[in-house]
Structures are given as C-alpha cells and as structure tokens.
Amino acid sequence: MAAAFPGGSPAVEGTIVFTDIVGFTEYTAVRGDAEALQLLATQDRLLDGSLPGEARIVKEIGDGLLLWFPEPVAALRCAFALHGGFEAESASTGVPLWIRVGMHHGRALPRGTDLIGHDVNLSARIADVAAPGEVLASDAVRTRIDPASTRICFSELGPVVMKGIPEPVRLWRATEC
Amino acid sequence: VGITSQSGSIRVGTSAEADLRTVSGHVELQRCDGRCRVFTKSGRIAVGDTREADISTTSGSVAIDRVIGTVQVRSVSGRVSVGSSAGGPVTASTVSGTITIRLPPAVRPSVHSAGRGTLKSGFPPGDDVEVHIATVSGRAELVAG
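Structural notes, computed from the coordinates. Keep in mind it's a predicted model, so treat the numbers as computed, not measured. (Residues numbered from 1 in each chain as written. Chains lettered and ligands numbered in written order. Predicted model: local features only at pLDDT ≥ 70, side-chain atom pairs only at ≥ 80, totals over all residues. Heavy atoms only, no water.)

1. A few points about the nonpolar core
Then, in step 1: Judged by nonpolar contacts, the single largest core of 39 residues is most densely connected at Phe69(A), Leu76(A), Met103(A), Val135(A) and Phe154(A).
Then, in step 2: No other element matches the 8 residues that helix H3 (residues 72-93) of chain A contributes to this core.
Then, in step 3: Counting 33 residues, the second-largest nonpolar core is a separate cluster that includes Val38(B), Val82(B), Val131(B) and Ile133(B). (Core = buried A, V, L, I, M, F, W, Y, C linked by side-chain atoms within 4.5 Å. Buried < 20%, exposed > 50% of the residue type's maximum accessible area, 1.4 Å probe, protein only. Helix = DSSP H or I, 4+ residues; strand = E, 2+ residues; numbered from the N terminus.)

2. Considerations on helix H2 (residues 33-50) of chain A
All names here are of chain A.
Then, in step 1: Across its 18 residues, H2 extends 26 Å between first and last C-alpha, which sits within 8% of the 26 Å expected from 1.5 Å per residue.
Then, in step 2: Listed in full, the buried residues belonging to H2 are Ala-36, Leu-39, Thr-42, Gln-43, Leu-46, Leu-47 and Ser-50. Taken down its axis, H2 places every buried residue within 135 degrees of arc, on the same side. Seen from the buried face of H2, the exposed residues on the opposite side, beyond 90 degrees, are Asp-33, Ala-34, Leu-37, Gln-38, Asp-48 and Gly-49.
Then, in step 3: Buried residues in H2 make contact with strand S1 (12-21), helix H1 (24-31), strand S2 (56-61), strand S3 (64-69), H3 and strand S4 (99-111). (Expected span 1.5 Å × (residues − 1). Arc of directions from axis to C-beta. Contact = heavy atoms within 4.5 Å.)

3. So, the environment of Val95(B)
Then, in step 1: With respect to the helices and strands, the residue Val95(B) is situated in the loop between strand S9 (90-94) and strand S10 (98-103).
Then, in step 2: A C-alpha to C-alpha distance of 5.3 Å links Val95(B) and Thr135(B), two positions 40 residues apart in sequence.

4. Description of the interface of chain A and chain B
Then, in step 1: Opposite the 26 residues of chain A that make contact, chain B presents 26 residues.
Then, in step 2: Seen at the junction of chain A and chain B, the total is 4 salt bridges.
Then, in step 3: Measuring nitrogen to oxygen at the nearest pair gives 2.6 Å for the salt bridge that ties Arg21(B) to Glu134(A).
Then, in step 4: Summed over the shared surface of chain A and chain B, the result is 4 residue pairs in polar contact (both at pLDDT 80 or more). (Salt bridge = Lys/Arg side-chain N within 4 Å of Asp/Glu carboxyl O. Polar contact = N/O pair within 3.5 Å; in protein donor to acceptor, adjacent residues only side chain to side chain.)

5. Notes on the packing of H2(A) against H3(A)
Residue and element names in this part refer to chain A.
Then, in step 1: Taken N-terminus to C-terminus, the directions of H2 and H3 make an angle of 140 degrees; their axes are 9 Å apart at the nearest point. The orientation of H2 with respect to H3, classified from their angle, is oblique. In the packing of H2 onto H3, the handedness of the crossing is right-handed. For the pair H2 and H3, contact is made by Leu-39, Thr-42, Gln-43, Arg-45, Leu-46, Leu-47 and Ser-50 and by Cys-78, Ala-81, Leu-82, Gly-85, Phe-86 and Glu-89, respectively.
Then, in step 2: Across the contact of H2 with H3, the residue classes break down as 7 nonpolar, 4 polar and 2 charged. (Axes fitted to C-alpha atoms, helices over the stretch in contact; angles between N-to-C directions. Parallel < 35°, antiparallel > 145°, perpendicular 65-115°, else oblique. Left-handed = near helix turned anticlockwise from the far one by under 90°. Nonpolar A, V, L, I, M, F, W, Y, C, P; charged D, E, K, R; others polar.)

6. Focus: the packing of aromatic side chains
Then, in step 1: As enumerated under the stated definition, the model contains 0 aromatic pairs over all chains in all.
Then, in step 2: Cation over ring: Arg142(A) sits above Trp172(A), and NZ or CZ is 4.1 Å from the ring centre. (Phe/Tyr/Trp six-rings, centres within 6.5 Å; stacked < 30°, edge-to-face > 60°. Lys NZ or Arg CZ within 6 Å of the ring centre and 35° of its normal.)

7. What to know about the pairing of S4(A)
For a regular strand, side-chain orientation follows a simple rule: the groups alternate between the two sheet faces.
Residue and element names in this part refer to chain A.
Then, in step 1: Bridging between S1 and S4 involves 10 bridges; their strand directions are antiparallel. Following the sheet pairing, Thr-19 is matched in S4 by Val-101.
Then, in step 2: The sheet contact formed by S4 and strand S6 (residues 135-138) spans 3 bridges and is parallel. Residue pairing across strands places Met-103 opposite Ala-137, the latter belonging to S6.
Then, in step 3: Pairing geometry for S4 and strand S5 (residues 114-116), over 3 bridges, is antiparallel. Residue Pro-110 lies in a different strand from S5, and its bridge partner there is Leu-115. (Pairing = 2+ DSSP bridges.)

8. Description of unusual backbone geometry
Residue and element names in this part refer to chain A.
Then, in step 1: With a phi angle near 55 degrees, Arg-151 is a residue other than glycine that sits in the positive phi range.
Then, in step 2: Take Arg-151: it is sitting in the loop between helix H6 (147-150) and strand S7 (152-160).
Then, in step 3: On the basis of relative accessibility, which here comes to 54%, the residue Arg-151 falls in the exposed class.

Below, the structure is given as structure tokens:
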C-alpha cells in the first residue's frame, strides 16, 4: 500500500528506486493469471521482509515498483535482498525469475502519494538499461556509499546518454562485496 | 570497452573485456578475449569468440559462436544459440524461448534442467562440463557442433 508523504512537504530528498520483474508479460501468458498473481504476492512478501520502516512503496506499476528510501545504503540492501529472494524462488521452483533495479539519489516533489520530478524520471531511465539480475546506480548514489564499511562495491559502466535526459549520466553496477 | 545506448545499435570488433547494452538496438561483438557482458531489451545479440559471456535479453535473439569458459544466458522469449568449447559451465534460462547449446561431439555433459519446458540431449551423461537449463515453456536442445 502506498503511503503519503507528509502533507504540504516541499521537495523530499532520498534514493528513488525502480524495479521491474523481467518477462512478467511472457510469464503471465504461459503460466496464467493466477500464477502471475502469486508471483506478485511473492514479490510483496520479499519486499515486506527487506523494506526498512522509513522507506516507502510510492506506487506499483504493473509488476514494477517505485520505492523511496531516505538514504542509499538501505535502498541498495533492499535491492540485493530482492534479488536474493528472486534467485531463491527460481532455485526452488525451477522457473527463471529475475528483477532489474535502477536507482538515483535526488529530490522529488510529492503529489499525493506519488513522487514527481526529473530525478524520478532519471531513476526510471537507469532501470531501463539494467540487465536481469542487476542493480544499477547513478553517481549520486555511489558517492554516498563507503565501500569499506558497507561492503557494497561498484563497477563503472561509463557515461550513458539516456532518452529525455540532457546530459550523459555516469552509471555504476552495484554488487555486494 | 563499455557502451550503453538507449536505442542505437552497437558493433565492436575485438575487445579485451566488454560491457555492451542497448534497450532497442542490436549488439554485435566479434571477439572478446576476456569477459563480455551484453544486454538488450529487444535487439538481437551476436557474439563471435569470447572467453566468458554473460548475456541477457528480453525478446531479442542471442547467437554466440564459441565460448571458451563460463557462459550464462538469460532470455525471456528470444531464440538462444550458444556454442561452447566445454571449458566452463553453461547456464541458459528462458521463459518461452528456444535454447540450442552446441558442444564438442565427444563431450559427456552433466545436464541439469528445471521448469516445465522440454529438453533434448543426444550426449551420454558424464562430468566433462556442467550444463544448466531452465525454461518455463520453452524448448532446449543440446547438439554436437
């Protein structure tokens, strides 16, 4: 359930995360609506177990999610937990399941329970270029992480030109190390 | 070499390592001496010789001529064709696509399959190379070649 941001609050700063279940449309086509619903319930369960209290599910977008975290370490840990959960589900069911995740740290304007703004759009674009099983992050995320204390590592993809984003964006693949 | 594009196609000759990704374009990589990682959402992927490969696509096709070491392919609905020298484990997963793995004729693979799809293998079982196949409704085949 989406939670509202405080009424009348100005722009909120935090880590904006988009997730997507890869192949959900095809999965639904071959396994049927009931199993697709179960898959979403699995995602909900995995999220319940990994979403810290101060984070928010901003909205569900079909099989995808827009999440907000006050800081990026929690966002990355949640993304890794979701990946691990989907991998475990794949191993136990024999069904190849992956999610892909993109994130950016910035500011957004609340609109009811939703978040609006350039940094939200940028986060969505980052998720677009994430491969199945990947967590991609902007430089604004990476620079807020201390790899030594968090055991989160980054490898650079380089500057990426993204549709509708005027300047190339440095992107990083985030992994647990 | 690392290239990411929203819609353009990517063509690379020889590279030590490669990370190539495009949302709707195609990717062609002739040779990669190290690890190559390629992702497209809908474009086709063609890789020549590579040492290691980590390939993902949603609806594009994947054709890898020859991988010397480890190869992992994730596909949702496209056709996947992988040639492996059996020098490392082969992992291929698809929701509804088809998978063809080409292995050296004399190899005796250890084949592990999961899901509800069909798997056909004419190889005698052994432990020369690990092959992991997962499909929801797709077809997979191991052939000599």
